[in-house]
Structures are given as C-alpha cells and as structure tokens.
Amino acid sequence: MDFVAGAIGGGLSTAVGYPLDTVKVRIQTERHYNGIWHCIKETYRTEKVWGFYKGVSASVLTVSVISSVSFGTYKNFLCTICKLRYGAADAKPSKLDVSLAGGAAGAVRVVLMAPSEVAKVRMQTQRNLHPSVASPQPVSKPKYRGSLHCLKVIAKEEGFGGLYKGCSALLCRDCSSSAIYFLTYSALCNWLTPAGKNKPGFLIVLLSGGFAGVLAWGLATPMDVIKSRMQTEGSDQHKYKGLVHCARESVRREGAKVLFKGLGLNCIRAFPVNMVVFVTYEAVLRFTDRY
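Residues numbered from 1 in each chain as written. Predicted model: local features only at pLDDT ≥ 70, side-chain atom pairs only at ≥ 80, totals over all residues. Heavy atoms only, no water.

## Examining the packing of helix α4 (residues 95–125) against helix α5 (residues 147–158)
Okay, so step 1: Following both chains from N to C, one finds α4 and α5 inclined at 105°, their axes separated by 9 Å at the closest point. Here α4 is positioned roughly perpendicular relative to α5, judged by the angle of their axes. Taking contact as the criterion, the partners of Pro 115, Val 118, Ala 119, Arg 122 and Met 123 in α4 are, on α5, Ser 147, Cys 150, Leu 151, Ile 154 and Glu 158. (Axes fitted to C-alpha atoms, helices over the stretch in contact; angles between N-to-C directions. Helix = DSSP H or I, 4+ residues; strand = E, 2+ residues; numbered from the N terminus. Parallel < 35°, antiparallel > 145°, perpendicular 65-115°, else oblique. Contact = heavy atoms within 4.5 Å.)

## A word on helix α2 (residues 36–47)
Okay, so step 1: Compared with an ideal rise of 1.5 Å per residue, which puts 12 residues at 16 Å, α2 spans 16 Å between its outermost C-alpha atoms and is within 8% of the ideal.
Okay, so step 2: Those residues of α2 lying buried are Cys 39, Thr 43, Thr 46 and Glu 47. Projected down its long axis, α2 shows its buried positions confined to an angular sector of 85°, all on one face. (Expected span 1.5 Å × (residues − 1). Buried < 20%, exposed > 50% of the residue type's maximum accessible area, 1.4 Å probe, protein only. Arc of directions from axis to C-beta.)

## Some words on the pattern of salt bridges
Okay, so step 1: In this structure the tally under the stated criterion is 19 salt bridges.
Okay, so step 2: Between Asp 21 and Lys 120 there is a salt bridge, with its nearest N and O atoms 2.7 Å apart. With a gap of 99 residues between them, Asp 21 in helix α1 (residues 2–29) and Lys 120 in helix α4 connect regions that are remote in the sequence.
Okay, so step 3: The exposure class of Lys 120 is buried, given its relative accessible area of 8%.
Okay, so step 4: Between Arg 45 and Glu 42 there is a salt bridge, with the nearest N and O atoms lying 3.0 Å from each other. Of this pair, Arg 45 and Glu 42 both sit in helix α2, three residues apart, roughly one helical turn. (Salt bridge = Lys/Arg side-chain N within 4 Å of Asp/Glu carboxyl O.)

## Observations concerning the environment of Leu 96
Okay, so step 1: Here Leu 96 shows up in helix α4.
Okay, so step 2: Considered as a pair, Leu 96 and Leu 183 are 87 residues apart in the sequence and their alpha carbons are 8.5 Å apart.

## A closer look at the side chain of Ser 178
Okay, so step 1: Examined against the element boundaries, Ser 178 turns out to sit in helix α6 (residues 167–192).
Okay, so step 2: Note on Ser 178: relative accessible area 1%, which makes it buried.
Okay, so step 3: Within the structure, the side chain of Ser 178 is placed 2.7 Å from the backbone oxygen of Gly 102, a separation counted as a polar contact.
Okay, so step 4: If we ignore the near neighbours within four places in the chain, the residues touching Ser 178 are Gly 102, Gly 103, Ala 105, Gly 106 and Arg 109. (Polar contact = N/O pair within 3.5 Å; in protein donor to acceptor, adjacent residues only side chain to side chain.)

## Regarding the nonpolar core
Okay, so step 1: In this structure, Phe 71, Tyr 74, Tyr 181, Phe 182, Tyr 185 and Phe 278 are the most contacted members of the largest nonpolar core, which totals 20 residues.
Okay, so step 2: Of all the elements in the fold, those that place two or more residues in this core are α3 (56–86), α4, α6, α7 (202–231) and α9 (263–290).
Okay, so step 3: Sorting elements by how many residues they give to this core places α9 first, with five residues.
Okay, so step 4: With residues up to four places along the chain from it excluded, the contact list for Tyr 181 reads Ala 212, Gly 213, Ala 216, Asn 274, Val 277 and Phe 278.
Okay, so step 5: Counting residues in each nonpolar core, the second largest holds nine residues, with Met 230, Leu 243, Cys 246 and Leu 259 among its members. (Core = buried A, V, L, I, M, F, W, Y, C linked by side-chain atoms within 4.5 Å.)

## Observations regarding empty space enclosed by the protein
Okay, so step 1: A full pass over the atoms with the stated rule returns one cavity of 30 Å³ or more.
Okay, so step 2: Of the volumes computed, that of the largest cavity is approximately 680 Å³.
Okay, so step 3: What lines the largest cavity is a set of 35 residues, and nearest its centre among them are Val 63, Met 113, Trp 217, Arg 269 and Val 273.
Okay, so step 4: Its residues placed into classes, the lining of the largest cavity shows 12 nonpolar, 13 polar and 10 charged. (1 Å grid on protein atoms, 1.4 Å probe; cavity = no way out; pocket = protein on both sides within 12 Å on 5 of 7 lines; lining within 4 Å. Points joined across faces, edges and corners; volume = space filled by probe spheres on them. Nonpolar A, V, L, I, M, F, W, Y, C, P; charged D, E, K, R; others polar.)

## Some details on the UniProt feature "transmembrane region" (unreviewed entry) in the protein chain
Okay, so step 1: Within this numbering scheme, the UniProt entry marks residues 201–220 as carrying the feature "transmembrane region" (unreviewed entry).
Okay, so step 2: Regarding residues 201–220, the helix share stands at 95% and the strand share at 0%, and the terminal C-alpha atoms are separated by 28 Å. (UniProt positions renumbered as here; feature names shortened; annotations may be inferred.)

## What about the packing of α4 against α6?
Okay, so step 1: Close contact between α4 and α6 brings their axes to 7 Å; oriented N to C, the two are set at 140°. As far as their axial angle goes, α6 and α4 are oblique. Read as a crossing pair, α4 and α6 show a hand that is right-handed.
Okay, so step 2: A per-class count over the contact of α4 with α6 returns 13 nonpolar, six polar and five charged. (Left-handed = near helix turned anticlockwise from the far one by under 90°.)

## Quick word on unusual backbone geometry
Okay, so step 1: Here Lys 48, not a glycine, exhibits a phi torsion of approximately 60°, which is positive.
Okay, so step 2: Counting through the fold element by element, Lys 48 comes out in the loop between α2 and α3.
Okay, so step 3: Of the residues examined, Lys 48 reaches a relative accessible area of 25% and is grouped as partly exposed.

What follows is the structure, given as structure tokens:
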C-alpha cells in the first residue's frame, strides 16, 4: 500500500508545485533573468499561463510512478534493515537506519527519473511565444512538440546516453537529499507527537512534511543547478564534460553564487509540495488500514 499512497501523493504534489519548478529551472539555466519575479513576468508576457506548465502531463505521470517507488523502496528497505538489526521488521529504527533507507530510495528513484527529468528541463527551457506577443519575424516551430516527442528526439539525436545526461549530479542530489528528507520528517513527527499517541496528527504531518522538504531542497540546490545545466545541452552543444567541469565552469563564469540560483524558490515551493505529499501519503495509508 505504500506504493499506492506514494503515487497519489507524488502526482498531487507535482500539479501543485509545477509552475514554480518551471521558473526555478529557467533561472538556473538562463542568465538574462534578474530574479524570480522578472522570470515570472517574462514567462507570462511571452507564453501566458501555459508557459508555466510545459511538460506537466508527463511529469505528473512519471513523478507518480517515481514517488510510488521512492516511498515503497524506503519503507521496504527500512523494514529489511530493522529485521536484520533488531530481529523484527516493525522495530523502532534508529536515525542511521532511516537515513540509509532514504538514501537507497533516492538511488532507486534516479534510475527511473533521469529520462523524464531531461525531457522536463528541455521542455521548460524551450521558448514558444504566445500568438498575442508581437514579433517582427515569423515564429519558428518548437523543436519539441511534447514530452514524449522530446524523449524520442533526444534518443535519436544523442543516443541512449542523452536520456541520462546529468545523471551523476542527479544521483548526488537525490541520495543525499532523500536521506535528509526522510530523516527530518521522521524526527519531527517523533518530536512533535505527544507521548502515548501511536501516530502523528495531520497538522504535525503537514508541518513535518513541509519542513523536511525545505531542508532537503535547501541542501540539494547546488547539485540541482548543475543537473539542470548539464541536461539543457543538446546534441550540438558540448559545454560541459561532466559534473565537476560543469560546476567549475559555472563558478568561474558567474561566481560561487550561481550554485544557489533558485534556492529561495526551491524552499518556497518545497513547503506546500511536501505538505501535500506526506499528508496524502498518510491519509491513504490510514484510510486503507481502517477499511
């Protein structure tokens, strides 16, 4: 049931946070924006509301699957650790146990997530001017007509490896942030739940999930910037030779602050998104337990 609950929570959270995710990706990969508000205004002026939702359909589906795998892997891995260490799957896990299970969930997620992340970033950074925006020259057709078409074009032009661009940065980002994510949520729930109660109330779940998301994304932002930059490169672009080269070149050209582009936006987006993830996850589990 953890897989089903994770899928529902992941799908809903993506729909909630997608517009801010688009703004975040554009700020991280393009230098001509002065800040969050400037990016929002320019995106709306040139592409209207749809500009914020490019690639959202595929993202909702893939995030649902990925969230399902992530929560399912976390729970099963944690039960296995507890069974090996304490002799019972339902034994109380230590902080190290939770962190290891969270890191494992992040690693498994990357294998499934990388192609959809590449397509999402390419779609979000592609310009499609809205018909109402005046342009002196005829608007060319977009290279990618949708998320699936984007994946097909990448596979054709860049090969199978193109679908896994930025995978090293994604792996570093998700293993560490997933460990912090589940550890923070577990610790806050245990700390805020009154003595004698087996499960945290929904307000505690909301707050714990929100703060877990903020902390995880705050720590993940530097790798998130590098991942996005590596993934925007097409077959005709070879700016970066790998993770370290991308980080070094980005810092050389724009200073160390470039690694924290979108930090505020990541944290703002993370709170409501992860509130939705965890409260949906817990609600589905409790509903199925009751009925």
